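Chain residues, written in single-letter form:
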Amino acid sequence: MIKTGDSSSRNTELDLSARIAGVTFKNPIVMASGTFGFGKEYAKFYDVNELGGISGKGLTLQPKAGNQGTRVYETASGMLNSVGLENPGVAAFLDKECAYWETLDTVRIVNLGGNTFEDYVAGAELIQKDADTRGRKAVDMIELNISCPNVKEGGIAFGIRTCDARELVRAVRQATSLPLSVKLSPNAEDIADMALMCQEEGADAVSLINTISGMKIDVRRRRSVFNNLYAGLSGPAIKPIALRMVHQVAQRVEIPVIGMGGISSATDIIEFIMAGAAVIQVGTYNFMNMRAGQDLLRDLRQFMLEENIASLDEIRGII
Ligand SMILES: Cc1cc2nc3c(=O)[nH]c(=O)nc-3n(C[C@H](O)[C@H](O)[C@H](O)COP(=O)(O)O)c2cc1C
């Protein structure tokens, strides 16, 4: 039962926590990869330790400069991005950013990308080695982003066909004992099948969805706005699709589901939890509201009080 009294004492009675592979999230609000840097920038606006977790910018084995030309474009209820995974590389991240991550009291997730099978595995090995040396004080989990292009096979993303992704998930699982979530692409041939494969190969969780492939044409210049022709659509425009996919995957697998896609309100979070998500991630909304995490947490608590929900477990996966 929730006690009555001032709102701060009532808040302490609410249970927003979730556990994934032995890692406790104090609340379900995790910042999505590529939309929150490594957290430091947003720490100017609010205490990021209030968050359930942070998924850092996607890292590749080698540093990447990212794409030339237009990188982001606003669309109806969303945005297209073609950032091209600009990042400092795994080693530079471990050397420089991890000192800050060691100071944080929130779940810290390394998002790992790669161009080739070998890059992914070598990246995972480096992260594992660093975690062993540090005693796991800076990284709590790896999120394996399988939506990056496989250059060796002509630019096809690992995340489209289950058979292409299986060996990669298996190899990365062997390379690390850290909790592992695999981030799935909505462009996959069958996302529930892909999630099941991840479970079979020993992943501790699946994260979904990444952006949906989209396009914008500059009609005056008679060319695509983006040098790479297509770009990734995110934000409220994709929420109904993301929610449906989270529900389908949650019905199919036993491992926890980390749900995301267009979340920008407390009721959006509740929808994903009801669809079966253990925790959720917030991406594009960070660009609209620099205090997104803080505001969503306050509104989520308020919603729970109004609806007499003492623990999110009461409503998780009820649909
Ligand atoms: C600018 C931008 C950069 C992103 N970079 C990454 C990335 O590096 N790795 C990754 O797994 N997802 C990346 N994403 C995808 C998001 O983490 C998230 O899966 C997607 O945007 C859907 O959530 P949203 O609608 O709340 O933004 C990026 C998204 C945006 C908008």
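For the structure itself, look to the data block above.
Described in the following lines is the structure provided in the data block. (Residues numbered from 1 in each chain as written. Predicted model: local features only at pLDDT ≥ 70, side-chain atom pairs only at ≥ 80, totals over all residues. Heavy atoms only, no water.)

### What about the overall build of the chain?
Each helix and strand in the chain was counted, giving nine helices and 18 strands. In summary, the chain has a C-alpha radius of gyration of 19 Å against a globular reference of 20 Å for 319 residues, a match within 12%. In terms of its C-alpha atoms, the chain occupies a principal-axis envelope of roughly 60 × 55 × 40 Å. In the chain, which comprises 319 residues, the proportion classed as buried is 54%. Considering only contacts within the chain whose residues lie at least 6 apart along the sequence, 71% involve residues at least 24 apart. (Helix = DSSP H or I, 4+ residues; strand = E, 2+ residues; numbered from the N terminus. Rg over C-alpha atoms; globule rule 2.2 N^0.38 Å. Buried < 20%, exposed > 50% of the residue type's maximum accessible area, 1.4 Å probe, protein only. Contact = heavy atoms within 4.5 Å.)

### Some remarks on the nonpolar core
Formed by 85 residues in total, the largest nonpolar core has its most connected members in Ile29, Trp101, Leu144, Ile146, Leu184, Val206 and Leu208. For this core, the element with the highest residue contribution is helix α9 (residues 292–306), accounting for seven residues. Other than its neighbours up to four places away in sequence, Val206 contacts Ser181, Val182, Leu184, Ala195, Cys198, Val249, Ile255, Pro256, Val257 and Ile258. In terms of nonpolar packing, the next biggest core, distinct from the first, is built from 14 residues, Ala18, Val23, Phe25 and Val279 among them. (Core = buried A, V, L, I, M, F, W, Y, C linked by side-chain atoms within 4.5 Å.)

### Brief notes about the pattern of salt bridges
For the structure shown, the criterion picks out 18 salt bridges. We note a salt bridge from Glu102 to Arg134, for which the minimum N-O separation is 2.9 Å. On the criterion of sequence distance, the pair formed by Glu102 in helix α2 (residues 90–102) and Arg134 in helix α3 (residues 117–134) is long-range, its members being 32 residues apart. Here Glu102 falls in the partly exposed class, since its relative accessible area comes to 36%. Lys239 is the partner of Glu271 in a salt bridge, and the nearest nitrogen-oxygen pair spans 2.6 Å. Of this pair, Glu271 sits in helix α7 (residues 266–274) while Lys239 sits in helix α6 (residues 239–252), and the two are 32 residues apart along the sequence. Since its relative accessible area comes to 32%, Glu271 is described here as partly exposed. Taken together, the shared-partner salt bridges in this structure form one network comprising Arg166, Arg170, Glu200 and Glu201. (Salt bridge = Lys/Arg side-chain N within 4 Å of Asp/Glu carboxyl O.)

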